[in-house]
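Fold and contact review
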Number of protein chains: 2
Amino acid sequence: MPKDHFLYKILNPDSIAVFGANNNLLTTMGSMQLRNIITGGFKGEIYPIHPKLTQVQGYKAYQNILDVPETPDLAFLILPPRVIPEVLKECGEKGIKRLIITSGGFREIGEDGKQLSQEVNQIAETYDMRFVGPNCLGIYNGWYDPEVKDSYFNTMWIYETPERGNISIVSQSGTIACHVFWHCQDWGVKIGKSLSIGNELNIDILDYLEYFRQDPQTQVIGIYLEEIKRGRKFVELAKEITPEKPIVAIYAGGTEAAERSIKSHTGAIGGNQKIYDAVFKETGIISTTSMTDFLYYLRTLSFAQNDKIYLNGDKVGIITDSGGSGSMMTKTAEQLGLKVPRFSKELQSEIQKKIPYTASALNPIDVTFDTDFINLLKSFPKILMESGEVDAIIVYGVFDFDDVLKTMEESGMKINDEMKQISDMIQRAVFKPIKRLMKKYSLPVFYVGPMPYRFEWYRKFISHDIPIFSLWDAPSKCLKILYDYSQHRNKFKTFKNNSV
Amino acid sequence: MPKDHFLYKILNPDSIAVFGANNNLLTTMGSMQLRNIITGGFKGEIYPIHPKLTQVQGYKAYQNILDVPETPDLAFLILPPRVIPEVLKECGEKGIKRLIITSGGFREIGEDGKQLSQEVNQIAETYDMRFVGPNCLGIYNGWYDPEVKDSYFNTMWIYETPERGNISIVSQSGTIACHVFWHCQDWGVKIGKSLSIGNELNIDILDYLEYFRQDPQTQVIGIYLEEIKRGRKFVELAKEITPEKPIVAIYAGGTEAAERSIKSHTGAIGGNQKIYDAVFKETGIISTTSMTDFLYYLRTLSFAQNDKIYLNGDKVGIITDSGGSGSMMTKTAEQLGLKVPRFSKELQSEIQKKIPYTASALNPIDVTFDTDFINLLKSFPKILMESGEVDAIIVYGVFDFDDVLKTMEESGMKINDEMKQISDMIQRAVFKPIKRLMKKYSLPVFYVGPMPYRFEWYRKFISHDIPIFSLWDAPSKCLKILYDYSQHRNKFKTFKNNSV
């Protein structure tokens with residue numbers, strides 16, 4: 001645990017002073033942010049600082065930080081930018097060493113903002129303070145209190161939180177750091193830490209990456225970039241990190257209007273797309289411009305890192321009860337450079353025994369309409385794993401079996417007892433056994449179905465940490481990313497072993 | 001209404017004979033299919049044909065079609081393929097002219113299947129019968145009884161149905177024809193008809209397209225292709241259709257294993273991707289290999305066709321309360337060839353008056369954290385529309401305002417009456433007025449937010465027929481597609497006008 005790193009107390013403060021929150025939740029962002037700090041189960045003291053109020057959201061409020069009875073680990077400032085220097089000085093006098101400055105109105109607004117930035121930097125230097133921001137939403141730390149389920153430390157205003165996991169995000173945009181939490185929750189993208197870092201006036205992305213490098217709770221890193229200030233250092237550090245912990249990046253600049261947009265957003269000057277592409281290539285960073293892909297790639301790598309399940313090669317086996325989705329996934333896998341090899345005669349005849357005669361065993365295996373879901377979801381993946389003919393498997397045909405049953409029963413038809421057991425039977429047969437096999441063979445199995453994530457059965461897969469996809473666009477792409485990362489990782493492993 | 005077309009009675013039968021359904025809903029597909037026919041509110045007589053049962057799902061069953069007291073408009077067959085010829089002959093003797101043959105086991109299984117296909121074709125010719133399939137799921141017709149809400153005629157086994165709309169799908173895969181219905185329902189992809197056409201032994205995709213061309217209920221067409229049998233005719237017909245009704249296509253073949261997959265799926269021999277790309281280009285068909293894009297493109301064109309809202313040019317205005325998503329959408333719009341022009345000085349100063357001084361009015365307009373949602377969602381789009389400086393608008397920042405309020409209230413905070421009105425106020429200010437403006441200026445406004453479609457507020461946009469996007473990947477792509485289609489349409493409009 002990187003307890004000695006200066007970021008540690010920002011992510012895990014024992015006490016916090018909050019400037020700029022009141023009791024009116026909807027009109028001030030600071031009030032919503034304090035609300036989230038409280039709701040997450042903050043363990044220590046909370047000191048709201050307010051010029052007029054004596055109580056803020058149930059906590060005793062103080063007029064001035066100097067009145068607070070102890071020196072808080074962290075000060076959280078969401079105030080008009082013009083008062084920041086004064087408050088900062090008072091925090092310095094109080095002995096506070098760590099801060100989050102949420103306020104906007106710095107370099108992103110032009111000359112005035114730049115002067116203010118300089119002033120703020122000088123004050124921080126004088127008092128030996130480190131701060132996140134300004135112009136950010138602050139931090140989410142799902143590991144703040146690992147003993148307590150659903151607890152977290154969240155200074156952002158979005159109230160939804162993802163499940164705790166091994167993914168850490170560092171973002172030059174607050175939106176990418178927290179607006180995505182609803183989708184993370186639905187799709188099972190398990191986030192441990194998510195940091196909105198704003199203008200990086202005092203702490204820059206290199207510092208956060210260095211922290212993640214040391215942090216055992218972080219096994220996958222997501223970054224959203226509008227600029228990189230220390231380019232050479234960034235390349236060096238990223239090169240060190242990626243063989244152990246994959247990095248997925250979005251770069252938002254690189255086109256004319258996008259540059260205009262990011263300049264007014266964080267004041268950054270992005271840079272040519274080609275430079276960023278070269279950096280990503282050299283460092284082994286996986287990049288995308290799609291939010292959906294970003295979340296799916298993080299999730300894919302999160303599953304892989306959790307259980308050390310990587311691809312040993314590029315051969316994909318596809319099992320489906322639908323010809324159309326099977327064909328589409330086959331095509332995209334091939335277009336991305338993966339192989340979908342025709343199975344050996346032996347393997348074909350083994351499968352052929354278990355499927356209708358109208359079905360196909362070539363690869364894809366298309367079982368057509370067949371209600372033997374155990375075959376589809378477990379037996380065939382197992383046979384493929386044991387065959388040694390594939391390095392990864394995609395299975396199409398996950399429905400919410402309880403919803404199917406319920407709907408049929410509501411039609412007034414009799415459902416016999418055996419059928420009512422089907423859901424339990426599938427769960428027992430699939431989840432734990434498949435997970436064991438995946439680990440044994442280091443061979444990922446991706447499950448796919450046509451229903452949205454809101455359905456209960458998709459939640460079941462997620463809760464068992466088994467990759468499940470709603471619709472069939474993402475699986476091939478994610479396998480390709482995982483294959484590339486497996487290769488990247490191997491290259492360094494081999495190199496390391498040879499040089500020892 | 002193409003009442004004289006031979007497909008009309010297949011889509012709108014007054015009476016139907018169903019072969020292969022019983023009372024065991026979960027183990028036979030035919031039973032689930034009959035269940036859906038009943039559930040949809042079939043208006044006429046249903047005659048189950050079963051060798052043993054006297055009652056099937058509440059309907060009197062007949063041992064033989066010849067025993068049925070009238071000649072049904074349509075026979076629906078889901079039977080083992082070997083019995084198909086005999087049953088087909090009996091249907092012929094009964095005088096039935098229209099059939100759907102769901103059964104697989106034809107050319108897709110090889111030589112035996114090919115012989116069977118020939119036999120079936122000869123019988124159909126003898127009795128002057130036309131049939132959908134074989135090896136298909138049949139049809140969904142949401143317009144079967146337009147007077148009755150949520151009624152439909154659905155022979156497919158998937159029980160979810162989309163909202164009725166102006167999109168019609170014709171698919172060589174049953175999955176693409178119906179597994180997508182859950183997402184259609186969630187995303188507001190409003191489908192009128194969806195046809196799973198299988199091996200096209202008797203009726204091929206050209207016939208269905210010809211029907212859609214004539215059908216006033218169809219304004220957008222989606223096709224899933226594994227092959228085109230009558231290539232030249234296809235090109236001719238598609239060229240006629242696209243200036244009036246856009247076509248979005250998925251072609252699933254074109255790679256080695258994909259060809260293997262489709263051969264075992266429908267027995268088709270696909271063909272080189274380049275040929276298909278050339279066909280799509282020549283005919284103005286919009287193509288994709290992504291299911292997500294397919295549904296989004298259909299939805300985009302559906303909105304456009306409904307209210308005749310097309311793009312008059314390629315200039316996009318972006319309004320956001322989040323810099324990150326704004327930058328990402330700006331970048332993807334530019335990468336796709338659209339323009340995100342810097343606003344004129346006049347327009348900038350008009351906007352600047354209404355936003356915080358830390359915000360930006362350049363394009364994107366980034367209002368930063370601002371709780372004046374009326375500005376964001378209505379006033380700014382209106383100003384941009386009136387300015388004449390843009391041809392389309394993307395607005396980021398749709399939350400479920402009721403969910404936000406509820407969550408805040410549950411935190412124990414007081415929410416005053418004015419705040420409680422906010423949701424109603426936004427609804428009144430945005431939905432109808434924005435729709436009117438869109439029509440007035442023929443200028444689409446796409447709304448975007450970070451929450452999944454399951455949230456109520458996203459349903460509200462959908463029910464008002466206003467494009468709403470969950471996450472910010474699709475809007476730029478959809479605008480590009482709509483721009484291209486608007487151009488395509490104009491080209492033909494101009495040509496037509498000039499030649500008259």
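Residues numbered from 1 in each chain as written. Chains lettered and ligands numbered in written order. Predicted model: local features only at pLDDT ≥ 70, side-chain atom pairs only at ≥ 80, totals over all residues.

1. Points about the overall build of chain A
Helices and strands together make up the secondary structure of chain A, namely 19 helices and 20 strands. Since a compact globule built from 500 residues should have a radius of gyration of about 23 Å, the 26 Å found for chain A is in line with a globular shape. Overall, the C-alpha framework of chain A stretches about 80 × 60 × 45 Å when taken along its three principal axes. Burial status across chain A gives 56% buried among its 500 residues. A sequence separation of at least 24 residues applies to 71% of the contacts in chain A between residues at least 6 apart. (Helix = DSSP H or I, 4+ residues; strand = E, 2+ residues; numbered from the N terminus. Rg over C-alpha atoms; globule rule 2.2 N^0.38 Å. Buried ≥ 20, exposed ≤ 12 C-beta atoms within 10 Å, placed from the backbone. Contact = placed C-beta atoms within 7 Å.)

2. Focus: the relation of the copies chain A and chain B
Turning chain A through 180 degrees and shifting it by 0.0 Å along the axis lays it on chain B, with an RMSD of 0.0 Å. Expressed as an axis order, the relation between the two copies is that of a two-fold axis. Relative to the rotation axis, the C-alpha of arginine 454 of chain A is the closest in chain A, positioned 3.7 Å from it. Comparing interface residues between copies, 99% of those in chain A also sit at the interface in chain B, which points to an isologous, same-surface contact. (Least-squares fit on C-alpha atoms with pLDDT ≥ 70 in both.)

3. Concerning the interface of chain A and chain B
Chain A puts 76 residues into the contact, and the matching count from chain B is 75 residues. At 11 residues, helix α12 (residues 323–335) of chain A tops the list of elements feeding residues into the side of chain A that touches chain B. Its residues placed into classes, the side of chain A that touches chain B shows 30 nonpolar, 35 polar and 11 charged. (Nonpolar A, V, L, I, M, F, W, Y, C, P; charged D, E, K, R; others polar.)

4. Section: the sheet that holds strand β18 (residues 392–396) of chain A
All names here are of chain A. Here six strands make up an open sheet; going across it, the order is β16-β17-β15-β18-β19-β20 and the pairing mixed. Edge positions in the open sheet fall to β16 (360–361) and β20 (468–470), since each of these has one partner strand only. For strand β15 (residues 316–320) and strand β17 (residues 365–366), the ladder comprises two bridges, and the chain directions are parallel. Along β17, the bridge assignment pairs isoleucine 319 with isoleucine 365. (Pairing = 2+ DSSP bridges.)

5. Describing the domain arrangement of chain A
Residue and element names in this part refer to chain A. Here the domain parsing of chain A yields domain 1 (8–302) and domain 2 (308–488). On a C-alpha basis, the centres of domain 1 and domain 2 stand 39 Å from each other. If you look at the interface, domain 1 gives 13 residues, while domain 2 gives 10 residues. The biggest single contributor to the side of domain 1 that touches domain 2 is helix α11 (residues 291–307), with five residues. Class assignment for the residues of the side of domain 1 that touches domain 2 results in seven nonpolar, four polar and two charged. (Domains from an automatic or database assignment.)

6. Some remarks on the sheet that holds strand β1 (residues 15–19) of chain B
Residues and elements named next belong to chain B. Strands sit in the order β2-β1-β5-β6-β7 across an open sheet of five strands; the sheet is parallel. Of all strands in the sheet, those with a lone pairing partner are β2 (45–49) and β7 (130–132), marking the two edges. Neighbour to neighbour, the strand axes of the sheet diverge by 20 degrees on average, direction disregarded. In this sheet, β2 lies alongside β1 in parallel orientation, the contact comprising five bridges. Bridge pairing links serine 15 to glutamate 45 in β2. (Axes fitted to C-alpha atoms, helices over the stretch in contact; angles between N-to-C directions.)

7. Focus on the confidence of the model for chain A
Looking at chain A, pLDDT values average 93 and 98% of them are 70 or higher. At the level of chain-chain contacts, confidence expressed as ipTM amounts to 0.95, with global pTM at 0.96. (pLDDT = per-residue confidence, 0-100.)

8. Remarks on helix α9 (residues 256–266) of chain B
Burial of α9 of chain B is extensive: nine of the 11 residues sit out of reach of the surface. Looking only at α9 of chain B, the buried set comprises Ala257, Ala258, Glu259, Ser261, Ile262, Lys263, Ser264, His265 and Thr266 of chain B. Elements that come into contact with the buried residues of α9 of chain B comprise α12, β16 and β17 of chain A. Immediately beyond the C-terminal end of α9 of chain B, within one or two residues, lies glycine 267 of chain B, with a positive phi of roughly 80 degrees.

9. Examining the pairing of strand β5 (residues 74–77) of chain A
All names here are of chain A. The two faces of β5 match: Leu74 and Phe76 on one face and Ala75 and Leu77 on the other face are all buried. Sheet topology places strand β1 (residues 15–19) next to β5; four bridges connect them, and they run parallel. By the bridge assignment for β5, valine 18 is matched with phenylalanine 76. Bridge count between β5 and strand β6 (residues 98–101): four bridges; the pairing is parallel. Note that in β6 the partner of alanine 75 across the bridge is leucine 99. In this view, the connection linking β5 to its parallel neighbour β6 by way of helix α3 (residues 84–94) has right-handed handedness. (Right-handed = clockwise from strand over helix to strand, strands pointing away.)

10. Here's the deal with the environment of leucine 11 of chain A
Residues and elements named next belong to chain A. Positionally, leucine 11 belongs in helix α1 (residues 8–11). The exposure class assigned to leucine 11 is buried, which follows from the 22 C-beta atoms found within 10 Å. Between the C-alpha atoms of leucine 11 and proline 72, which are 61 residues apart in sequence, the distance is 13 Å.

11. Some thoughts on the packing of α3 of chain A against helix α4 (residues 111–126) of chain A
Relative orientation and spacing of two packed helices are given, respectively, by the angle between their axes and the distance between those axes. All names here are of chain A. Closest axis-to-axis distance for the α3/α4 pair is 10 Å, and the angle between their directions is 5 degrees. When the interaxial angle is binned, α3 and α4 end up roughly parallel. Together, Ile84, Pro85, Leu88, Lys89 and Gly92 of α3 and Glu119, Val120, Ile123, Ala124 and Thr126 of α4 make up the contact between the two elements. Among the residues making up the contact of α3 with α4, the classes are represented as six nonpolar, two polar and two charged. (Parallel < 35°, antiparallel > 145°, perpendicular 65-115°, else oblique.)

12. Digging into the pairing of strand β19 (residues 445–449) of chain B
Residue and element names in this part refer to chain B. Among the five residues in β19, five count as buried, and that is most of the element. The side-chain alternation of β19 yields two buried faces, one formed by Val445, Tyr447 and Gly449 and the other by Phe446 and Val448. Bridge count between strand β18 (residues 392–396) and β19: four bridges; the pairing is parallel. By the bridge assignment, isoleucine 394 is partnered in β19 with phenylalanine 446. One crossover worth recording links β19 to the parallel strand β20 (residues 468–470) by way of helix α18 (residues 456–463), and it is right-handed.

13. Here we look at the environment of leucine 209 of chain A
Residue and element names in this part refer to chain A. Within the secondary structure, leucine 209 is located in helix α7 (residues 205–214). Overall, leucine 209 belongs to the buried group, with 22 C-beta atoms counted inside 10 Å. The sequence separation of leucine 209 and isoleucine 223 amounts to 14 residues, and the corresponding C-alpha distance is 9.2 Å.

14. Regarding unusual backbone geometry
Residue glycine 133 of chain A is joined to proline 134 of chain A through a cis peptide bond whose omega torsion reads -5 degrees. Mapping proline 134 of chain A onto the fold places it in the loop between β7 (130–132) and β8 (138–141). Of note, the phi angle at lysine 308 of chain A is positive, near 55 degrees, even though the residue is not glycine. Relative to the helices and strands, lysine 308 of chain A resides in the loop between α11 and β15. Look at aspartate 465 of chain B: it is not a glycine, yet its phi comes out positive at around 60 degrees. As for its placement among the helices and strands, aspartate 465 of chain B is situated in the loop between α18 and β20.

15. Quick notes on the environment of serine 486 of chain A
All names here are of chain A. Examined against the element boundaries, serine 486 turns out to sit in helix α19 (residues 474–499). Of the residues examined, serine 486 has 22 C-beta atoms within 10 Å and is grouped as buried. In this structure, the C-alpha to C-alpha distance between serine 486 and tryptophan 457, residues 29 residues apart in sequence, is 29 Å. When near neighbours in sequence (up to four residues on either side) are disregarded, serine 486 contacts Tyr310 and Leu311.

16. Some points on the packing of helix α14 (residues 373–387) of chain B against helix α17 (residues 422–441) of chain B
Residue and element names in this part refer to chain B. At a minimum axis distance of 10 Å, the contact between α14 and α17 shows a crossing angle of 15 degrees. Put simply, α14 runs roughly parallel to α17. The two elements α14 and α17 cross, and the hand of that crossing is left-handed. Residue-level contacts link Phe373, Ile374, Leu377, Lys378, Pro381, Lys382 and Met385 of α14 to Ile426, Ala429, Val430, Pro433, Ile434, Leu437 and Tyr441 of α17. Class assignment for the residues of the contact of α14 with α17 results in 12 nonpolar, no polar and two charged. (Left-handed = near helix turned anticlockwise from the far one by under 90°.)

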